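In case you want the letters, here they are:
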Amino acid sequence: MIQPEQTPQCKIPSNIACVDDEKTFLQELFVAVEIQDVHYRFQLDSGEAVKIINERTQGPIKPAREIHNPRRFDRVSVVVTDFQMKGVDGLQLCARIDPSICKIIVSKRLPTDKAMQAFNRGEIQGFLHKDQKDRDESLRQLIRQGLNGHFCRSTGTFREAGEQAQSALKDAVFCTFFHKICKEREKVEHYLIRPKGDLMVAGPHGQVGGIIVRSRAQLREEAKRAQQLGAPAYVVHGLQNADCLLCPGNPEELELTEQTPWETSLYPITKLLRQGDCPYYVSCCDGVFDAQHSNMLTFFQYEHKTP
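What comes next concerns the included structure. Everything numeric in this text was worked out from a predicted model, so none of it was measured. (Residues numbered from 1 in each chain as written. Predicted model: local features only at pLDDT ≥ 70, side-chain atom pairs only at ≥ 80, totals over all residues. Heavy atoms only, no water.)

**Observations regarding the overall build of the chain**
Under the convention used in this document: Put simply, DSSP H or I for four residues or longer makes a helix, DSSP E for two residues or longer makes a strand, and each gets a number counted from the N terminus. The classification of residues rests on relative accessible area computed with a 1.4 Å probe and restricted to protein chains. Under 20% of the type maximum is buried, over 50% is exposed, and intermediate values are partly exposed. Note on definitions: a residue-residue contact is assigned when non-hydrogen atoms from the two residues lie within 4.5 Å. His is not counted here, nor are the chain ends, while Lys and Arg score as positive and Asp and Glu score as negative. Charge positions are represented by NZ for Lys, CZ for Arg, CG for Asp and CD for Glu.
For the chain, the helix and strand inventory stands at eleven helices and 13 strands. Projected onto its principal axes, the C-alpha positions of the chain cover 70 × 45 × 30 Å. Looking at the chain as a whole, 53% of its 307 residues are labelled buried. Sequence-distant contacts, at least 24 apart, represent 64% of the contacts inside the chain between residues at least 6 apart. A distance of 1 Å separates the average location of the 39 positive side-chain charges in the chain from that of its 40 negative side-chain charges.

**Some details on the sheet that holds strand β5 (residues 102-107)**
The following threshold applies: Note on pairing: two strands pair once DSSP finds at least 2 bridges between them. The axes are straight lines fitted to the C-alpha atoms, using for helices just the contacting stretch, and the angles between their N-to-C directions are given from 0 to 180°.
Here we have five strands laid out as an open sheet, ordered β3-β2-β4-β5-β6, and parallel in their pairing. Lying at the two open borders of the sheet, with one neighbouring strand each, are β3 (38-43) and β6 (126-129). Each adjacent strand pair in this sheet contributes to an overall mean axis angle of 20 degrees, direction not counted. Two strands pair when backbone bridges link them, and strand β4 (residues 76-81) and β5 are joined in this way by four bridges, in the parallel orientation. Opposite V78, over in β5, you have C102 as the bridge partner. Running over the sheet, helix α1 (residues 23-32) touches β2 (14-19), β3, β4 and β5 and is turned about 170 degrees from β3.

**Thoughts on the packing of aromatic side chains**
Here the distance between the centres and the angle between the planes together describe a pair of aromatic rings. What counts here: By convention, a stacked pair of Phe, Tyr or Trp rings (six-membered ring in the case of Trp) has centres within 6.5 Å and planes under 30 degrees apart, an edge-to-face pair has planes over 60 apart, and any other such pair is tilted.
Per the counting criterion, the structure on display carries four aromatic pairs. Between Y40 and F42, the ring centres sit 6.1 Å apart and the planes meet at 15 degrees, which makes this aromatic pair stacked. Take Y40: its relative accessible area is 19%, and that puts it in the buried class. Assessed through its relative accessible area of 31%, F42 is described here as partly exposed. Ring plane angle 55 degrees and centroid distance 5.3 Å describe the contact between F158 and F178, whose orientation is recorded as tilted. A residue pair is termed long-range when its members are at least 10 positions apart, and F158 in helix α7 (residues 158-165) and F178 in helix α8 (residues 172-184) qualify at 20 residues. Classification of F158 as buried rests on a relative accessible area of 0%. Overall, F178 belongs to the buried group, its relative accessible area being 1%.

**A few points about helix α6 (residues 135-155)**
Applied cut-off: Multiplying 1.5 Å by the residue count of a helix minus one yields the expected span of that helix.
Counted at 1.5 Å a residue, the expected span for α6 with its 21 residues is 30 Å, and the 30 Å between its end C-alpha atoms agrees. Extensive coverage of α6 is indicated by the burial of 15 of its 21 residues. Downstream of α6 by one or two residues, G156 has phi in the positive range, about 90 degrees.

**Observations concerning the side chain of T81**
When you line up the elements, T81 lands in strand β4. Beyond its immediate sequence surroundings of up to four residues, T81 is in contact with V19, G90, L93, C94, I104, I105 and V106.

**Points about the layout of surface pockets**
So the rule is basically this: Every definition here rests on a 1 Å grid over the protein atoms only: cavities are sets of points where a 1.4 Å probe fits but cannot get out, pockets are open sets enclosed by protein on both sides within 12 Å along at least five of seven lines, and lining residues have some atom within 4 Å of a point. Grid points are joined across faces, edges and corners, and a volume is the space filled by probe spheres set on the points.
Estimated volume of the largest pocket: approximately 930 Å³. If you go around the largest pocket, you meet 23 residues; those closest to its centre are K11, Q36, D37, H179 and K187. For the lining of the largest pocket, the secondary structure elements donating two or more residues are α6, α8 and β7 (189-194). Among the elements that line the lining of the largest pocket, the one with the most residues is α6, at five residues.

**Here we look at the packing of α1 against α6**
For clarity, the threshold we go by: Relative orientations are named as follows: roughly parallel for angles under 35 degrees, roughly antiparallel for angles over 145 degrees, roughly perpendicular for angles from 65 to 115 degrees, and oblique for any other angle.
Remark: α1 packs on α6, axes separated minimally by 11 Å, with the N-to-C direction vectors making an angle of 70 degrees. It follows that α1 is roughly perpendicular to α6 by the angle criterion. Contacts between α1 and α6 pair F25, E28, L29 and A32 from the former with R135, D136, L139 and R140 from the latter.

**Some thoughts on the nonpolar core**
As a rule of thumb, soluble globular proteins bury nonpolar side chains together. The test is simple: Grouping buried Ala, Val, Leu, Ile, Met, Phe, Trp, Tyr and Cys residues that are joined through side-chain atoms within 4.5 Å yields what is termed a nonpolar core.
Judged by nonpolar contacts, the single largest core of 31 residues is most densely connected at Y191, M200, L239, W262, V288 and F289. Elements with a contribution of two residues or more to this core: β7, β8 (198-202), β9 (208-215), α9 (216-228), α10 (233-240), β10 (244-246) and β13 (278-286). Look past the residues within four positions of L239 in its chain and what remains in contact with it is R216, L219, E222, A223, A226, C244, L245 and L246. Listed in part, the 20 residues of the second largest apolar core include A161, C182, L199 and C284.

**Description of the sheet that holds β8**
Strand order in the open sheet formed by six strands is β1-β7-β8-β9-β13-β12, with antiparallel pairing between adjacent strands. Of all the strands in the sheet, the pair left with one neighbour each is β1 (10-11) and β12 (271-275). As paired strands, β9 and β13 are joined by seven bridges and run antiparallel to one another. Paired with G210 across the bridge in β13 is C285. Running over the sheet, α8 touches β7, β8, β9, β12 and β13 and is turned about 145 degrees from β12.

This is the structure we're talking about:
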C-alpha cells in the first residue's frame, strides 16, 4: 500500500535541471533517462545554472491557490549535476539552491566518503558513478523519488492534512486507491482543495475532475451543517443516509455557506472503501471543479503556448 506520508498534497509536472560541462554526457542523459510529465533543462555552465534554478524557485506551495499560478510548471524539483566542473562544483551548486529541491550528483570524480558525508548532512539526496552499469535505471529511480520528495516537502503530505481534518487522507487504503485512479485516468496534476477530502485532478490535456472522499462521521457533520444553512431537505437526507457526497465546485469556497449551490454540488458515490471498521465513501467525477472559475492554466497550454 502507498503510505499517506509519501503522498504530497499537490503534485504537478515540473523541471529537472541537468548540469554538466561535458556536452556529450548531457546528450546521453537526454536519450537514456526519460520520465513522463517533466521537462529537462540542460546547462553547461554551473554558475549560470545556479542563477536559473534560483529564479525558478517559488518556495512552499499552497495547493488550493497553486491552481491560479501560471508559473507553476516552471518549478525546478530535481537537479542532476556533475561534481568537478569549471567555476562552481557540484556540492557548491547544491548548497546554493533551495533545500526543498532534490539534488543528485552523477560523477566520475566525487570521492565516495565525501559524497556520503554530503548525503548524511542532507545536502544531496543521491550520488552515482557515471560508469556504473545500472546508472540510467538507478538515476531514473532517484529522480522519481526526488520528484515526490520535493512536493512532499513543499506542500505537506496527505498524512498531515488527514490528521488535521480527521479525514481519509491519513489512511493508506485511500492513498493507494487515489494513486490507482490517477494512473488509470492518466492524471498528471493533483491539488488538495479541502483537507476534509476534496481533490482536484487534471490530465495532460486539461481534463479537470475531482476525487471526493468522506467518512460516515463527516457525512453526518455535513448534513447537520447543511441543515443549519438552509439546504433543501433532499440534500440533508442524502448526506445523512450516505446516498451522495457534497463538494462545491468553486475551489475558493473552503467551507459550506448559505450561498453554496446545493443542487449542483451533489455527486453520486462511486466507490466504498474500508479501513478497519471505518467506511469511506468516494466519488470520482469529471467536471467537479470549475477550471474556468479557477483561471487554471493547463499543462497542455503551458507546453504549447509558453515560450
